[in-house]
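What the coordinates show
Here's the letter readout for the chains.
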Amino acid sequence: MLFKSTDNNDSQTVSLLESLINPLPAPNQLWIPAADLPKIFNGSSLTFEQTLNKVTSVFLEDTSVDIDQLCKRTIRSSSPTISRNSGKVLVDLCRGPCSTSADLSGRFIVSLCSELLSKYNYRLLTSTTGDNGCAVANACAELQGSLPVTILYSGSRIPLVRYNKLHSIVDNEHRVIAISLSGDFDDCHNSFLRLLIKKEGRYIAANSVNFMYLVPMIAYYAWIATECPDQDIFIPAGTCGELLAALTAKEMGAPLGHIHCTDGPNDYIRQYLRGESKIMQKKDTVPSISPYLDISYPSNLTRVRAMFLKGKNEYTELSNQVTCHSVSDDGNVSIVMRKFSLDTLSAMSCITSILSAKVSNPV
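First, a word on scope: everything that follows refers to the structure included in this document. (Residues numbered from 1 in each chain as written. Predicted model: local features only at pLDDT ≥ 70, side-chain atom pairs only at ≥ 80, totals over all residues. Heavy atoms only, no water.)

Quick word on the side chain of Ser-101
Within the secondary structure layout, Ser-101 lies in the loop between strand S5 (88–92) and helix H4 (102–117). Here Ser-101 is in contact with Leu-93, Cys-94, Tyr-220 and Glu-242, once residues within four sequence places are set aside. (Helix = DSSP H or I, 4+ residues; strand = E, 2+ residues; numbered from the N terminus. Contact = heavy atoms within 4.5 Å.)

Focus: the nonpolar core
In this structure, Phe-3, Phe-59, Leu-124, Met-212, Ile-218 and Tyr-221 are the most contacted members of the largest nonpolar core, which totals 90 residues. At 10 residues, helix H8 (residues 215–227) tops the list of elements feeding residues into this core. Of all hydrophobic cores here, the second largest spans 10 residues; its members include Leu-30, Phe-192, Ala-205 and Val-209. (Core = buried A, V, L, I, M, F, W, Y, C linked by side-chain atoms within 4.5 Å. Buried < 20%, exposed > 50% of the residue type's maximum accessible area, 1.4 Å probe, protein only.)

Some thoughts on the packing of H4 against H8
Their axes nearest at 8 Å, the elements H4 and H8 cross at an angle of 135°. Taken together, the axes of H4 and H8 lie oblique to each other. Residues Leu-104, Ser-105 and Phe-108 of H4 pack against Val-215, Pro-216, Met-217 and Tyr-220 of H8. The class makeup of the residues in the contact of H4 with H8 is six nonpolar, one polar and no charged. (Axes fitted to C-alpha atoms, helices over the stretch in contact; angles between N-to-C directions. Parallel < 35°, antiparallel > 145°, perpendicular 65-115°, else oblique. Nonpolar A, V, L, I, M, F, W, Y, C, P; charged D, E, K, R; others polar.)

Some words on the packing of aromatic side chains
Scanning the model with the defined rule gives six aromatic pairs in all. Judged by centre distance (6.3 Å) and plane angle (70°), the ring pair of Tyr-120 and Tyr-122 falls under edge-to-face. Overall, Tyr-120 belongs to the partly exposed group, its relative accessible area being 43%. Of the residues examined, Tyr-122 reaches a relative accessible area of 12% and is grouped as buried. Measuring from centroid to centroid gives 6.2 Å for Tyr-153 and Tyr-163, while their planes differ by 70°, and the two rings are edge-to-face. Pair noted here: Tyr-153 is in strand S7 (residues 149–154) and Tyr-163 is in helix H6 (residues 160–166), with a separation of 10 residues, a long-range link. Put simply, the rings of Phe-3, Phe-59 and Phe-211 pair up and form one aromatic cluster. The ring of Tyr-122 carries Arg-202 above its face, with NZ or CZ at 4.2 Å from the centroid. (Phe/Tyr/Trp six-rings, centres within 6.5 Å; stacked < 30°, edge-to-face > 60°. Lys NZ or Arg CZ within 6 Å of the ring centre and 35° of its normal.)

A few points about the sheet that holds S7
One open sheet holds the four strands; their spatial order is S8-S7-S6-S9, and the pairing between them is parallel. On the outer flanks of this sheet lie strand S8 (176–181) and strand S9 (203–205), each paired with one strand and no other. Averaged over neighbouring strand pairs, the angle between their axes works out to 30° when direction is ignored. Looking at chain direction, strand S6 (residues 123–128) and S9 are connected through three bridges and run parallel. Within S9, the residue paired with Leu-125 across the bridge is Ala-205. On the sheet, helix H5 (residues 131–142) packs against S6, S7 and S8 and is oriented at approximately 155° with respect to S6. (Pairing = 2+ DSSP bridges.)

Focus on the sheet that holds strand S3 (residues 31–33)
Sheets are built from strands paired through backbone hydrogen bonds, the pairs being either parallel or antiparallel. One open sheet accounts for three strands, arranged S2-S1-S3; its pairing is antiparallel. Of all strands in the sheet, those with a lone pairing partner are strand S2 (13–14) and S3, marking the two edges. Pairing analysis gives three bridges linking strand S1 (residues 3–5) to S3, with the strands arranged antiparallel. Bridge pairing links Lys-4 to Ile-32 in S3.

With respect to the pairing of S8
On any regular strand, side chains alternate: one points to one face of the sheet, the next to the other face. Bridge count for S7 against S8 is six bridges, and the pairing is parallel. The partner of Ile-151 across the bridge, within S8, is Ala-178. For the handedness criterion, the β-α-β arrangement of S7, H6 and S8 is classed as right-handed. (Right-handed = clockwise from strand over helix to strand, strands pointing away.)

This is how it looks when you write it as structure tokens:
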């Protein structure tokens, strides 16, 4: 598959490999598929591994990568499961070694980039609020022959459980470097982007700035849709990687229902849907119960706009597919976490589903 810039005035197209080794087409721009996405889902039931294989095949069709082996390494013992509890469909994506959905994307991107670039002097790089950094660090330490990685995180905003996990990963080959930076996640992410844009740095993005990091996410939304067709789904906002993956799965034929994003007190997506935040600009973020949501401008919104919002009334257009609720009551989040044995983001999404009273059997 070829890729192009989110900048409509940039007509260049590049190969997958070129999009990896040149992570940013230009400042404030990202890579997206250059052609329309194929409709590969027809509603038939598939296992998660089969779904991941189908999605991966679309994006790696022009490479020599062994897709079957890549998918098996990605899933390992962490294949998602679906259960039903109190009228809600709960999808458990946190069965991997770091107990986070980022385990799937982390193992996928480390495996893929290491296979394609192991003979070259490249290094993986990510900025993280915790989950992604732990998952990528664990994958690099665990997978033999992987590329090394540098992980940037906000020393003041990373959850203690993620800090402890990140610094307790056994790395006998010394491939993982974790660096604490001052400031919030936006400051950390800006440092990450400055390093990526320097071609002499030879860095490969190991988070959702890299479109290939999204492939397992696209796959699990497609798989959820085939298991629970046409039902509304409730997902965290954050960098909008989950939103982009869900919209992409839908574009590829997955029968997803309406998408509800859960945001925290910073509330960027909901403001955007109301047309209040039209300019990409840095603003101070409010610390919340979930640092994953403490983001002033989610980078993947640039991709959402370029891939799916091509009309003049883009805010209205997006509102037809997506709604967003802000959950900032930490006390209720904690109650739901205990009642359903959920992590923070899942509990917030669960609360969003409760607020959306018209939705039956939310996912």
